[in-house]
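# An overview of the molecular structure
Read off the chains here:
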Amino acid sequence: MIRLLYPLLFSMAIIPEADKHLENLQTVAQTAQTTVKNIKDGMEGFQSNVMEFYQVLNEKGKPGQDPTS
């Protein structure tokens, strides 16, 4: 796999302003990584809040249940 990258790297070395394009690509990749991490953390927080809410609803429902059931 690494051997396949060598021709790509050499061809990029002769492209004018390739380093600027790579810096832009790096910035986009870092922004995408941060965005995905924030979304994942938000969804995990939402899930934990929903589970806590569901547990509170279940606990409130237990005392009002019929004792014979």
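The preceding data block contains the structure.
Residues numbered from 1 in each chain as written. Predicted model: local features only at pLDDT ≥ 70, side-chain atom pairs only at ≥ 80, totals over all residues. Heavy atoms only, no water.

## A word on the overall build of the protein chain
Applicable threshold: In this description a helix means any DSSP run of H or I spanning at least four residues, a strand means any run of E spanning at least two, and both kinds are numbered starting from the N terminus. Each residue gets one of three labels from its accessible area relative to the maximum for its type: buried under 20%, exposed over 50%, partly exposed in between, using a 1.4 Å probe on protein chains only. Computed with a 1.4 Å probe, the accessible areas rest on the Shrake-Rupley method; for each residue, only the protein chains presented here act as cover.
Within the protein chain, the regular secondary structure consists of two helices and zero strands. Looking at the protein chain residue by residue over its 69 residues, the buried ones come to 1%. Split by element, the accessible area of the protein chain, about 6,800 Å² in all, is 64% carbon and sulfur.

## Observations regarding helix H1 (residues 2-14)
As a reminder, the rule being used: A helix is expected to span 1.5 Å for every residue after the first.
For H1, spanning 13 residues, the distance from its first C-alpha to its last is 19 Å, which sits close to the expected 18 Å at 1.5 Å a residue. The element H1 is largely exposed, with a buried count of zero among its 13 residues.

## Looking at the pattern of salt bridges
Note the threshold: A pair is scored as a salt bridge if a Lys or Arg side-chain nitrogen falls within 4 Å of a carboxyl oxygen belonging to Asp or Glu.
Using the criterion set out here, one finds one salt bridge in the structure. A salt bridge links Asp41 to Lys37, with the nearest nitrogen and oxygen atoms 3.1 Å apart. Taken together, the positions of Asp41 and Lys37, both in helix H2 (residues 18-61) and four residues apart, correspond to about one turn of that helix.

## Thoughts on unusual backbone geometry
Phi is positive for Glu17, which is not a glycine, with a value near 60°. Note that Glu17 resides in the loop between H1 and H2.

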